[in-house]
Amino acid sequence: MTSQHEGATLGLPFEVLRRIFEYASENDNVDEGARTVFRMTGVCSLWRENILQHAPMWAAVSLVNRAVAEIMFERSKDEPLTIHADLSGFGPYQEHSANGRYMLQHASGRIQELRVKADHYSKYPSRIFEVFIGSAATTLTTLNLSCSSSVSHPTINLKPIHLSGTIPLQDLTLRRITFEDGAEDLLANHCPALVHLDLRDVQGLSLPALSSVLHTCRKTLRSFKLNIFRLAAAHE
């Protein structure tokens, strides 16, 4: 027996139906987008079959709990992954931190986008960055690190070990982030293909280091935003 939803969609090509599913699940909040995907699999057998077979639908992995993260990781197959770790407020930041570490450890070479948001309640950003090195970052093209504007001191510090190797960045956003000694000199190594650069209230970045970044990406950079730039002393 065909359900109302199946009857309304049976005439659509699979490609069109899947694009509709992708559009319906698009959400800046990855957890909410994941909930939509799971809900749609329960509508009817046709929808479920199409969504389960369409790996990109599962590639924006929710970190709300380990079971969900593992299911989405498995169903995403070989698709590039999007990881958003929200470590702010009174939300499930401990779970996000632990599952973020899990994904970075188990999805080496597949993570395309990493976003980490933190505030003064969070003690967990450094635990994610402990594994944000080596093969976990070799396919990363989008990196967005931000601290809440209500924080008196940024809670995300970038160390030289976090910027070792080569990260093929195209989109870099840093908001209320601190570079520890030596880290700023490594940033340009990851920027030859940079297209978008957004720096807001960044501390510990020297003018020579910033100039090196801009020179490195001068052929590819399309947008550059700079706000409340706190210069660090140049290394002698």
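The residue count restarts for each chain, going from 1 along the sequence in the order it is written. Owing to the predicted nature of the model, reporting of local features is limited to residues with pLDDT of at least 70; listing and counting of side-chain atom pairs is limited to 80 or more, with chain, interface and lining totals taken over all residues. Hydrogens and waters are ignored; side-chain quantities use all the structure's heavy atoms.

### With respect to the packing of helix 2 (residues 14-25) against helix 4 (residues 45-53)
Where helix 2 meets helix 4, the axes come as close as 10 Å, and the angle between the chain directions of the two elements is 80°. Relative to helix 4, the element helix 2 lies roughly perpendicular. Only Leu 46, Trp 47, Asn 50, Ile 51 and Gln 53 of helix 4 make contact with helix 2, whose side of the interface consists of Phe 14, Leu 17, Arg 18 and Phe 21. Residue type decides the class: Asp, Glu, Lys and Arg count as charged, Ala, Val, Leu, Ile, Met, Phe, Trp, Tyr, Cys and Pro as nonpolar, and the leftover types, Gly among them, as polar. Among the residues forming the contact of helix 2 with helix 4, the class breakdown is 6 nonpolar, 2 polar and 1 charged. Orientation is described by axes fitted as lines to C-alpha atoms, over the contacting stretch for helices, and by angles from 0 to 180 degrees between their N-to-C directions. Runs of H or I in DSSP of at least four residues are treated as helices and runs of E of at least two as strands, each being numbered from the N terminus. Angle categories: roughly parallel below 35 degrees, roughly antiparallel above 145, roughly perpendicular from 65 to 115, and oblique for all the rest. Residue contacts follow a heavy-atom distance rule, with two residues in contact if any of their heavy atoms lie within 4.5 Å.

### Points about unusual backbone geometry
Unlike most non-glycine residues, Lys 77 shows phi in positive territory, near 55°. Its place among the elements puts Lys 77 in the loop between helix 5 (66-75) and strand 2 (81-87). Located in the positive-phi region is Arg 176, a residue other than glycine, with phi close to 55°. Looking at where Arg 176 falls in the secondary structure, it is placed in the loop between strand 6 (171-175) and strand 7 (177-179).

### Topic: the nonpolar core
Among the nonpolar cores identified, the biggest contains 60 residues, and Met 103, Leu 174 and Phe 179 are the most heavily contacted of them. Setting aside chain neighbours within four positions, we find Phe 179 in contact with Leu 158, Leu 163, Leu 174, Glu 184, Leu 187, Val 202, Gln 203, Gly 204 and Leu 205. Joining through side-chain atoms within 4.5 Å is the link that ties buried Ala, Val, Leu, Ile, Met, Phe, Trp, Tyr and Cys residues into a set, and such a set is a nonpolar core. A simple rule labels every residue: compare its accessible area, found with a 1.4 Å probe on the protein chains alone, to the largest value its type can have, and call it buried under 20%, exposed over 50%, or partly exposed in between.

### Points about the pattern of salt bridges
By definition, a salt bridge exists where a carboxyl oxygen of Asp or Glu is found within 4 Å of a side-chain nitrogen of Lys or Arg. One pass over the full model with this rule turns up 7 salt bridges. A salt bridge links Glu 32 to Arg 35, with the nearest nitrogen and oxygen atoms 2.6 Å apart. Placement of both Glu 32 and Arg 35 in helix 3 (residues 30-41) is noted, with a separation of 3 residues, approximately one turn of the helix. Judged by relative accessible area, which is 32%, Glu 32 ranks as partly exposed. What makes Arg 35 partly exposed here is its relative accessible area of 33%. Where Arg 115 meets Glu 113, a salt bridge forms, and the shortest distance between an N and an O atom there is 2.5 Å. The class of Arg 115 is partly exposed, set by a relative accessible area of 28%. One network of salt bridges, with partners in common, ties together Arg 19, Glu 22 and Glu 26.

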